[in-house]
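# Survey of secondary and tertiary structure
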Amino acid sequence: MLAYLDRQPNPNPNSPVIAGDGTVISTGTETDPSITTASSDFGGIIVAVPAAVLDPKTTAEVASFIRLAATRNLAVAPRGNGHSVWGQALSKDGLVLNMRSLDSKMELISSPNNQFLADVSGGALWEEVLEWSVKNYNMAPVSWTDYLGLTVGGTLSNGGVSGQAYRYGPQIMNVVQMEVVTGDGECQLCSKFESSDLFHAVLGGLGQFGVITRARIPLQPAPRMVRWIRVVYDKFEEYSADAERVANRTEPFDFDYVEGFAFVNSDDPVNGRPSVPIQRGSSFDSGLIPAEAGQVLYCLEVAVHYNHWRDDKVDERVSEMLGRLKYVRGLEFRDDVNYVDFLSRVKHVEKEAQANGSWTTPHPWLNLFVSASDIVDFDRNVFKRILQNGIGGPMLVYPMIRSKWDPRMSVALPKSEIFYLVALLRFPKPYPAGPPLEEILAQNRQIVEVCRSNGYDFKLYLPHYETEADWAEHFGDGWQRFVEMKAKYDPMAVLAPGQKIFSRSGPSQLL
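The present account deals with the structure reproduced in this document. Quantities reported herein were computed from a predicted structural model and do not represent experimental measurements.

### Things to note about the packing of helix α7 (residues 236-248) against helix α12 (residues 372-386)
Following both chains from N to C, one finds α7 and α12 inclined at 140°, their axes separated by 11 Å at the closest point. As far as their axial angle goes, α12 and α7 are oblique. Considering the relative orientation of α7 and α12, their crossing is right-handed. Residues Phe-236, Glu-237, Ser-240 and Glu-244 of α7 pack against Ala-372, Ile-375, Val-376, Asp-379 and Lys-384 of α12. Within the contact of α7 with α12, the residues separate by chemical class into 4 nonpolar, 1 polar and 4 charged.

In C-alpha cells form, the structure reads like this:
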C-alpha cells in the first residue's frame, strides 16, 4: 500500500509563512496582483486561491520552500508562464512557486563527446532560449513547441511537441541532464546515467516527482532560412496517407517540419479557407476545390531549412518532395522566412488574440493522441460531424512516431507506432458573442466519449481527470510505476496538487 500521511487542512492559510531561516513571507490577500495572477491560468476555467506566491531566486530557495511546505501541511505548485488549461499550475490554500523568478543565466556547455548544450533555468521561456542560442552562437535546440512563451520546466514536465517531433522526438527526448528538487526538498542532478529513474519519471511526469530548476538542452547549428509551405486536401484519407508517408521518411533532404490541420470549407476568416494562406494578402482560390468536396478540408504544413538558395538547391528539393504528394494542385501556399521568425510564428496570433479579447477568455482546449488505425474514423465522427463548423481556432491533426519517444518516460501514449496529435485550440469570443463555456465543455466531453465508445486507441495529452481511478486507466500498465515513483520522490504528495492525481487525505485505494 502507498501510505501517504494523513493531511489536515492548513488551520489558517492566510497566516504568515516562516521560512527556514526565520524570514516571514507575506501571504497577501486575494486582491494582491501576485495572488490574483496565481489563482487562475490560461484556461480560465479553474480558480484556486493560494496562501502565498513565492519568488525563489535559486535552486536552494526552491528546496527550502518545498521543505517549508511539508512542515506547514501545504501543497506546492510550480508556475511558469501560467499556460495550463485545467488549473494544473494552481495550489488552493497552498504555495505557488513563481519559476520565472529563478536566475535567468544561460550558459553554453561542451559535453565530453563534444556536443554543445544550453544550460538554462527551468523558468526560462523557450523564446528566450531561442534568442540567446541563435544570437550568441548561431545554434538552437532541434525540438520545439508551436508557442514559445512556455517555460523549459513546464514543457519538459508534459512532453513538448511540434512539427519537429516526427524526426527528433518531443522536447522530453531532447534534454540530457536536469537539476530537480524532489517532493522531500532534496536537490538532485539526474540524467540517463545518473538517478535515471528520477530523470525518466520527471520527463512528462506532470510535476509529480520534482520541480525542474535547470536543464541542459542539446544544440545544433541553426539554419538561416525556412521555406514554409501549406498544401490543401479535400479527402482525409489522402491527407493522412501523405502525412504518414512524409513522417515515416527520415532521409537527409526530407522535410524538417511536418504539421497539419483541418479547416472549414467556407469563407469564415477564423475557421475557414482564409486561415490557410501564409502571406498576408494572399488569396485562396476556392474554384480549385473539387465539386465533391465536403464541409471540412485539410492542410498539410511542411517546412525545409536552408542557408543559401544556390548552395542548398532549395527549389529543386521542394519540387521533388511536393511531387510525391496528392494534394489539390494549385492550392499551394509558401513563403521564405527567417528561421527565428518561423519558430516565433504563433507570436502574431497571441497579439491578435490580445487585441480582440480572445486571449483573456476561457480556453477549453482539448488535446488527444489518436492511433493512426483510428484516425480516419475519428475524422468521420468528429471533424466531419461534431466540428464541421469549426471551433473558433486551429484544429491541428498530424502524425507522430512512437519509437521517437522513450517508454521509460511518464507520458502515456497510444499503442500504435504512428499516432496523431489532435489539438483543438479554441479561442472563443466572450459570451454572448461566442458560445457559453459549458456548451464547449460538453462538446469536448462528447468527443472523448466518441473515442471511448468506439474503442479508439487514444490518450489525452496534457490530461485532466478528477479521480485516481481515471488516472490509473489513463496510465494503464504504467500506473504502478507512476505510483511507486510518487512514493519514492514525493511521499507526502506535496507537489503539483492542481493535477488532482494523488489525494493528500489518505492512502491510495488502488493498490
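### Considerations on the packing of aromatic side chains
With the rule as written, the count across this model stands at 31 aromatic pairs. On the numbers, 5.6 Å between centres and 10° between planes, the contact of Trp-479 with Phe-502 is stacked. With Trp-479 in helix α15 (residues 479-489) and Phe-502 in the segment after α15, this pair connects stretches of sequence that are 23 residues apart. Each member of the pair Trp-479 and Phe-502 is classed as buried. Every member of this aromatic cluster is reached through a ring pair, and the members are Phe-209, Tyr-465, Trp-471, Phe-475, Trp-479, Phe-482 and Phe-502. Between the NZ or CZ atom of Arg-329 and the centre of the ring of Tyr-327, over which it lies, the distance is 4.1 Å. For Arg-345, the ring lying beneath its charged end belongs to Phe-342, and the centroid distance is 4.5 Å.

### Considerations on the pattern of salt bridges
As enumerated under the stated definition, the model contains 26 salt bridges in all. Here Asp-254 makes a salt bridge to Arg-249, at a shortest N to O gap of 3.3 Å. On the accessibility criterion, Asp-254 (2% relative accessible area) is buried. Here Arg-249 falls in the partly exposed class, since its relative accessible area comes to 26%. Residues joined in a network through salt bridges with shared partners are Arg-249, Asp-254, Glu-320 and Arg-324.

### A closer look at the nonpolar core
Ranked by internal contacts, the top residues of the largest apolar core, which has 130 residues, are Met-178, Phe-378 and Phe-383. With 9 residues, strand β15 (residues 296-306) is the single largest residue contributor to this core. When near neighbours in sequence (up to four residues on either side) are disregarded, Met-178 contacts Leu-156, Gln-188, Leu-189, Cys-190, Phe-199, Val-202, Leu-203, Ile-212, Arg-214 and Ala-215. Listed in part, the 19 residues of the second largest apolar core include Ile-66, Leu-74, Leu-95 and Leu-495.

### Points about the sheet that holds strand β9 (residues 177-182)
The strand order across the open sheet built from 5 strands is β6-β7-β11-β9-β10, with neighbouring strands paired in antiparallel fashion. At either margin of the open sheet sits one strand with a lone partner, and together these are β6 (107-110) and β10 (187-191). With strand direction ignored, the average angle separating the axes of adjacent strands in the sheet is 25°. Strand direction decides the pairing type here: strand β7 (residues 116-121) and strand β11 (residues 210-218), joined by 5 bridges, are antiparallel.

### Here we look at the side chain of Glu-259
Turning to its location among the elements, Glu-259 is positioned in strand β14 (residues 257-264). Buried within the structure, Glu-259 lacks any salt-bridge partner; Arg-345 is the closest side chain of opposite charge, at an N-O distance of 4.0 Å. A polar atom in the side chain of Glu-259 sits 3.3 Å from the side chain of Tyr-257. In this structure, Glu-259 is in contact with Asp-146, Ser-162, Gly-163, Tyr-239, Cys-299, Leu-300, Glu-301, Arg-345, Leu-396 and Tyr-398, ignoring residues within four places of it in sequence.

Cut-offs and rules
- Every chain is numbered on its own, with residues counted from 1 as its sequence reads.
- Given that this is a predicted model, residues contribute local features only at a pLDDT of at least 70 and side-chain atom pairs are listed and counted only at 80 or more, while totals for whole chains, interfaces and linings are drawn from all residues.
- Excluding hydrogens and water, the side-chain values take into account all heavy atoms of the structure.
- Axis lines are fitted through C-alpha atoms, for helices just across the contact stretch, and the angle between N-to-C directions can take any value from 0 to 180 degrees.
- Under the DSSP-based scheme used, a helix requires at least four consecutive residues in state H or I and a strand at least two consecutive residues in state E, with every element numbered from the N terminus.
- Each angle gets one of four labels, with under 35 degrees taken as roughly parallel, over 145 as roughly antiparallel, 65 to 115 as roughly perpendicular, and the rest as oblique.
- The crossing is said to be left-handed when, going from far helix to near helix, the turn is anticlockwise and less than a right angle, and right-handed when the turn is clockwise.
- Contacts were defined at the residue level, with two residues in contact if any of their heavy atoms lie within 4.5 Å.
- Only Asp, Glu, Lys and Arg are considered charged, only Ala, Val, Leu, Ile, Met, Phe, Trp, Tyr, Cys and Pro nonpolar, and every remaining residue, Gly among them, polar.
- Pairing of aromatic side chains here covers Phe, Tyr and the six-membered ring of Trp, requires ring centres within 6.5 Å, and sorts the geometry by plane angle: under 30 degrees stacked, over 60 edge-to-face, intermediate tilted.
- Note on exposure labels: buried denotes an accessible area under 20% of the residue type's maximum, exposed denotes more than 50%, and partly exposed covers the range between, all computed with a 1.4 Å probe on protein chains only.
- For a Lys NZ or an Arg CZ to count as sitting over a ring, it must be within 6 Å of the ring centre and within 35 degrees of the ring normal.
- Any carboxyl oxygen of Asp or Glu that lies within 4 Å of a side-chain nitrogen of Lys or Arg is treated as forming a salt bridge with it.
- For this analysis, a nonpolar core means a set of buried residues of the types Ala, Val, Leu, Ile, Met, Phe, Trp, Tyr and Cys, connected via side-chain atoms within 4.5 Å.
- At least two bridges found by DSSP between two strands is the condition for calling them paired.
- In this tally, Lys and Arg are treated as positive and Asp and Glu as negative; His is ignored, and so are the chain termini.
- Identification of polar contacts relies on pairs of N or O atoms within 3.5 Å, with a donor-acceptor requirement for protein atoms, meaning one able to donate a hydrogen and the other able to accept it, and with residues adjacent in sequence counted only if both atoms are side-chain atoms.

So far we have only geometry, and geometry alone does not tell us how the molecule works.
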